[in-house]
Amino acid sequence: MQNGSNSDPRLDEGLDPELIAFVDDILAAYGSFPPFQTLDITAQRKVAEAVRAPWAKGGPTLCRSANRVIGQLRARIHIPRPGPLPALIYLHGGGWTFFSLDTHDRLMREYASRAGITVIGVEYPLAPETKFPNQLTLLADLVRLLANRGDEWGIDAPRLAIGGDSAGANLALATALTLRESDYGDALAGLLLNYGAFDARMDSASYRLFADGRYLLAASEMEALWSNYVREPAQRADPFVSPILANLAGLPPIFMTITDLDILRDENLAIKSALEAANVPVSGGLYPGSIHAFLEASSVSSLAAGALDDGAGWLKERLGVPS
């Protein structure tokens, strides 16, 4: 790599070159709207949806995708082939506050197609209107319902996993912790955790390195999102809010996609080490040159496509999908 005035400084920091267009597109799209922090929450959500919409298009065509209501939650079920099939419950990111089934539609279809499993995207209630622990209560109830009656949605219930990205990964892990404390501790066969928010203390080297948001997630933004999710600051130390503080023993096997140039990098590396110390099998790891949300850039990034293949391959093996 050539250093100097003609090189992009982000390349010197190790950013994967194919992700430059993704970063620039996202930042430019936000720049075409009024300043984000001047908008009310409804307008912010509309902007966030519009910015992410182009990246949710294209991708695999499945046997069927259908909107359903499962228990108390809206869901979108992506089915790659006739079932019954093992399934992944997928929880979208967006800091508990933004995004939807639409923004993450392609990402979910990619996992369904690559792994050969049903993917159930869940429209959980957003913060700040709904706060911790209400989301966890609803999601744990959803898992229990699918474990008992999954055949009604074409799901092979004994082969059920949960996952998500960013805040969705936080909710997935916290849901698994919630179930572990009940008589449904064995309802999940695995967890897929993509660049999750696991530590509300926000005190790490990666937070200091990437605080300005040049790689799409700023420390100030994350502070606002954590505040949206909890009812009071003391809840940040709750292990179901900050799973890095939890007893992690007894969880099912986990696949982690850890981003490199990301304020959340170090807490993901720390919780991976903590899971391993608790004798939880952990696969995956750090993807050098990656950034927050990079899996959404699979149409332009071979790094993202490879990471999706890695996660999907683990899901196939874990859920017993024939090759």
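Above this text you will find the structure in question.
The following refers to the structure shown. (Residues numbered from 1 in each chain as written. Predicted model: local features only at pLDDT ≥ 70, side-chain atom pairs only at ≥ 80, totals over all residues. Heavy atoms only, no water.)

Comments concerning empty space enclosed by the protein
- Taken as a whole, this structure holds two cavities of 30 Å³ or more when the rule is applied.
- In this structure, the largest cavity occupies an estimated 60 Å³ of space.
- Lining of the largest cavity is provided by Arg52, Trp55, Ala56, Thr103, Arg106, Leu107, Glu110, Leu295, Glu296, Ser298 and Leu308.
- Ranked by residues supplied to the lining of the largest cavity, first place goes to helix 4 (residues 105–115) with three residues.
- For the lining of the largest cavity, a count of residues per class yields five nonpolar, two polar and four charged.
- There is about 30 Å³ of room inside the second largest cavity.
- The wall of the second largest cavity is formed by Ala176, Leu179, Arg180, Tyr184, Gly185, Ala187, Leu188 and Pro252. (1 Å grid on protein atoms, 1.4 Å probe; cavity = no way out; pocket = protein on both sides within 12 Å on 5 of 7 lines; lining within 4 Å. Points joined across faces, edges and corners; volume = space filled by probe spheres on them. Helix = DSSP H or I, 4+ residues; strand = E, 2+ residues; numbered from the N terminus. Nonpolar A, V, L, I, M, F, W, Y, C, P; charged D, E, K, R; others polar.)

Focus on unusual backbone geometry
- Omega for the peptide link from Ala127 to Pro128 comes to 5°, which places this bond in the cis form.
- Tracing the chain through its elements places Pro128 in the loop between strand 4 (118–123) and helix 5 (134–149).
- The peptide bond linking Phe132 to Pro133 adopts the cis configuration, its omega dihedral lying at 10°.
- Topologically, Pro133 is positioned in the loop between strand 4 and helix 5.
- With phi around 75°, Phe99 is a residue other than glycine that occupies positive phi space.
- Secondary-structure assignment places Phe99 in the loop between strand 3 (85–91) and helix 4.
- Residue classification places Phe99 among the buried positions, given a relative accessible area of 13%.
- With a phi close to 35°, Tyr195 is a non-glycine residue in the positive phi region.
- Of note, Tyr195 is situated in the loop between strand 6 (190–194) and helix 7 (205–209). (Buried < 20%, exposed > 50% of the residue type's maximum accessible area, 1.4 Å probe, protein only.)

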